Amino acid sequence: MNHIQTSASLVVEELKLILGDRLATSNAVREHHSHDTSWLAPHMPDAVAFPRDEDEVVAIVRACAKHGVPVVPFGAGSSMEGHTIPVRGGVTIDTREMNRIVEIRPEDGLAVVQAGVTRKQLNEELRATGLMFSVDPGADASLGGMASTRGSGTTAVRYGTMRENVMALRVVTPDGTPIHTGSRARKSSTGYDLTHLFVGAEGTLGLITELTVRLHPIPEMVSSAVCAFEDVGEAVQAVIETVQYGIPVARVEFMDEVAIEGTNAYSGLDLKVTPTLFFEFHGTPAWVDEQSRLVAEIASGHGGSDFRWSTDPDERAKLWQARHDIYWATKAQRPGCELFTGDICVPISRLAESIVAAREDIDASFLKGQIIGHVGDGNYHTAYLIDPNSKEELEEAERLSGLLVERALAVGGTASGEHGIGMGKIKYLRKEHGAAVDVMKRIKAALDPAGIMNPGKMGQEG
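In this report, we go over the structure that sits alongside the text. These numbers were taken from a predicted model, which means no experiment stands behind them.

1. Observations regarding the overall build of the chain
Step number 1: If you tally the helices and strands in the chain, you get 17 helices and 18 strands.
Step number 2: A compact globule built from 462 residues should have a C-alpha radius of gyration of about 23 Å, and the chain, at 22 Å, falls within 12% of that.
Step number 3: Reported as C-alpha extents along the three principal axes, the dimensions of the chain are approximately 65 × 55 × 40 Å.
Step number 4: Within the chain, buried positions represent 56% of all 462 residues.
Step number 5: For the chain, the share of sequence-separated contacts (at least 6 apart) that also reach a separation of at least 24 residues comes to 71%.

Structure representation (structure tokens):
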């Protein structure tokens, strides 16, 4: 038994006294926490802790800090770049039992929640207030996890990402000290902006235990539309023109013909198998009608046709659920496969050429792949279906992903618009940020000198 294993055993014995049966060491529980939804190889934690409040998180982190044992935060396990994989073992802290909605303040447009609260849980609680939490990544992710990865989703074009919607945090730092960042005020000029240091840090600087999040009014009317295009470039040009005209669409999603084909089969839809845009409009009836007409004119000018409009909540829910189920719809096209995902964001003016080039790359490859995206803010995803046991297929997916990122960086874009770095994109961090990575490393070393917080992530070894 090596030193790390010995230290982990000591921590397990110590935490059993605090958590009882909420500290799990069974193979089944450890295996569940050994992976996320990525293609990356799993690693087992030594134990999984299920705290219920910040005091228990403090006790867990202090025990791990004392013995030099890694700490890995875990929300819903829906991340896509290996964020929650405990590559050095240690204790995984699962926040599912930290699921209390602490306070809702409709008059201030905010809610205070524990880190394990999910977006659907919060919105269900908000229903009677006329307010909503806007960030929608598709999966019913935990808010702590969404903040840690700086998540976003389909509504970011109108309401912003987690960066814009997190006002304050409570965080347990790597030595077990609980701190509060930010405030309930809409703005502040005091101190370093520590809130947004931890938002997007992927659990490498501390563990989020509580969030104060911004809420938005539920719109009086919501209308959705599906529009088919014959050409990928024309579909994306319609989005670019819509954004440049300043039309405040709530959602605008792109799916190529491969994605539409898989969605039809998996979700029971009958959409035309061609590049397609999904729109959603929020506002008063008059404003929604005006937005819809303007976008329809723009789309028609780029060859858009076969419009399907709906204000029926059930129809809209079915449509967007099908969009959110695209991960499973894609996997169903090749049973036993895994998805090697790309996730880049480019300036909106370079979006069309970027997507067209990505589609050409896939068409020239022996791999099957698709493109979808939150194109209203320049963010799109590729997904290549691979046999995880095939070295040839993995290398080809890595090559395609590399082309995607290199083109994005060449035009001032980013290697990830919402999935984050984790383990999967470590090699691109310095290409994008250069010497700024060294500043990130110094911040990490200052806050976590022992390197116990989610080791192996965010380019720590890069």
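2. So, the packing of aromatic side chains
Step number 1: Under the criterion given, the structure shown has seven aromatic pairs.
Step number 2: Considering the side-chain rings of W39 and F340, the 4.7 Å spacing of their centres and the 15° angle between planes classify their relative orientation as stacked. Of the two residues, W39 is situated in the loop between α2 (27-32) and β2 (47-49) and F340 in strand β16 (residues 338-345); the sequence distance between them amounts to 301 residues.
Step number 3: Accessibility expressed as a relative area gives 5% for F340, which makes it buried.
Step number 4: Both rings, one in Y327 and one in W328, keep their centres 4.7 Å apart while their planes meet at 90°; by these two values the pair is edge-to-face.
Step number 5: For Y327, a relative accessible area of 14% translates into the label buried.
Step number 6: Cluster of aromatic residues (ring-pair linked, three or more members): F279, F281, F307 and W309.
Step number 7: Seen from the ring of W320, R251 lies directly overhead, with NZ or CZ sitting 4.4 Å from the centre.

3. Description of the side chain of R251
Step number 1: Structurally, R251 can be placed in strand β13 (residues 251-255).
Step number 2: The class for R251 is buried, based on a relative accessible area of 11%.
Step number 3: The contact partners of R251, leaving out residues within four places of it in the chain, are D136, T154, T155, V157, F278, F279, E280, W320 and H324.

4. Considering the sheet that holds strand β6 (residues 110-114)
Step number 1: Taken together, the five strands give an open sheet; going across it, the order is β5-β6-β10-β8-β9, and neighbouring strands pair in antiparallel fashion. The outermost strands of the open sheet, each flanked by one partner alone, are β5 (101-105) and β9 (178-182). With strand direction ignored, the average angle separating the axes of adjacent strands in the sheet is 10°.
Step number 2: The sheet strands contacting helix α4 (residues 119-126) are β5, β6 and β10 (207-214), and the helix crosses β5 at an angle near 45°.

5. A closer look at unusual backbone geometry
In most cases, non-glycine residues show a negative phi, while peptide bonds are predominantly trans.
Step number 1: At D306, a residue that is not glycine, the phi angle is positive and equals roughly 55°.
Step number 2: Even without a glycine there, the phi angle at N454 is positive, about 45°.
Step number 3: Tracing the chain through its elements places N454 in the segment after α17 (436-447).
Step number 4: With relative accessibility at 1%, the residue N454 sits in the buried group.

6. Regarding the nonpolar core
Step number 1: Counting 42 residues, the largest nonpolar core has L277, F279, I355 and Y384 as its most contacted members.
Step number 2: In contact with I355, other than residues within four places in its own chain, are V232, V236, F254, I371, V375 and Y380.
Step number 3: Of all hydrophobic cores here, the second largest spans 25 residues; its members include V135, A141, A147 and L211.

7. With respect to the pattern of salt bridges
Pairs may arise between side chains of opposite charge once their charged atoms sit close together.
Step number 1: This model, assessed by the stated rule, comprises 31 salt bridges.
Step number 2: The salt bridge involving D363 is made with R359; its shortest N-O contact spans 2.9 Å. Of this pair, D363 and R359 both sit in helix α14 (residues 351-363), four residues apart, which is roughly one turn of that helix.
Step number 3: On the basis of relative accessible area, D363 is assigned to the exposed category, the value being 55%.
Step number 4: Measuring nitrogen to oxygen at the nearest pair gives 2.9 Å for the salt bridge that ties E406 to K431. With a gap of 25 residues between them, E406 in helix α15 (residues 391-410) and K431 in helix α16 (residues 426-433) connect regions that are remote in the sequence.
Step number 5: What makes K431 exposed here is its relative accessible area of 51%.

8. What about the environment of D55?
Step number 1: Its place among the elements puts D55 in helix α3 (residues 54-67).
Step number 2: Sequence separation of D55 and G176 is 121 residues, and the distance between their C-alpha atoms is 9.7 Å.

9. Section: the environment of F281
Step number 1: Here F281 is to be found in strand β14 (residues 276-283).
Step number 2: On a C-alpha basis, the gap between F281 and H83 in space is 33 Å, while along the polypeptide they are 198 residues apart.
Step number 3: If near-sequence neighbours (up to four positions away) are discounted, F281 is found in contact with M221, V222, S223, V249, V288, Q291, S292, V295 and W309.

10. Focus on the sheet that holds strand β17 (residues 368-374)
The strands making up a sheet are joined through hydrogen bonds of the backbone, oriented either antiparallel or parallel.
Step number 1: Here seven strands make up an open sheet; going across it, the order is β15-β12-β14-β13-β17-β18-β16 and the pairing antiparallel. Each having just a single partner strand, β15 (305-310) and β16 make up the two edges of the open sheet. This sheet shows a mean twist of 15° between the axes of neighbouring strands, independent of strand direction.
Step number 2: As judged from the two bridges shared by β13 and β17, these two strands associate in the antiparallel manner. Bridge pairing links F254 to G373 in β17.
Step number 3: Its contacts with the sheet place helix α11 (residues 285-301) against β12 (221-228), β14 and β15, and it is angled at close to 155° to β14.
Step number 4: Strands β13, β16, β17 and β18 (379-386) of the sheet are contacted by α14, whose axis makes an angle of about 165° with β17.

11. Some details on the environment of G369
Step number 1: For G369, the position within the fold is in strand β17.
Step number 2: Sequence-wise, G369 and A168 are 201 residues apart; in three dimensions their C-alpha atoms are separated by 39 Å.
Step number 3: Setting aside residues up to four positions removed in sequence, G369 forms contacts with V258, R359, I362, A383 and Y384.

Reading the values: the criteria
Residues numbered from 1 in each chain as written. Predicted model: local features only at pLDDT ≥ 70, side-chain atom pairs only at ≥ 80, totals over all residues. Heavy atoms only, no water. Helix = DSSP H or I, 4+ residues; strand = E, 2+ residues; numbered from the N terminus. Rg over C-alpha atoms; globule rule 2.2 N^0.38 Å. Buried < 20%, exposed > 50% of the residue type's maximum accessible area, 1.4 Å probe, protein only. Contact = heavy atoms within 4.5 Å. Phe/Tyr/Trp six-rings, centres within 6.5 Å; stacked < 30°, edge-to-face > 60°. Lys NZ or Arg CZ within 6 Å of the ring centre and 35° of its normal. Pairing = 2+ DSSP bridges. Axes fitted to C-alpha atoms, helices over the stretch in contact; angles between N-to-C directions. Core = buried A, V, L, I, M, F, W, Y, C linked by side-chain atoms within 4.5 Å. Salt bridge = Lys/Arg side-chain N within 4 Å of Asp/Glu carboxyl O.

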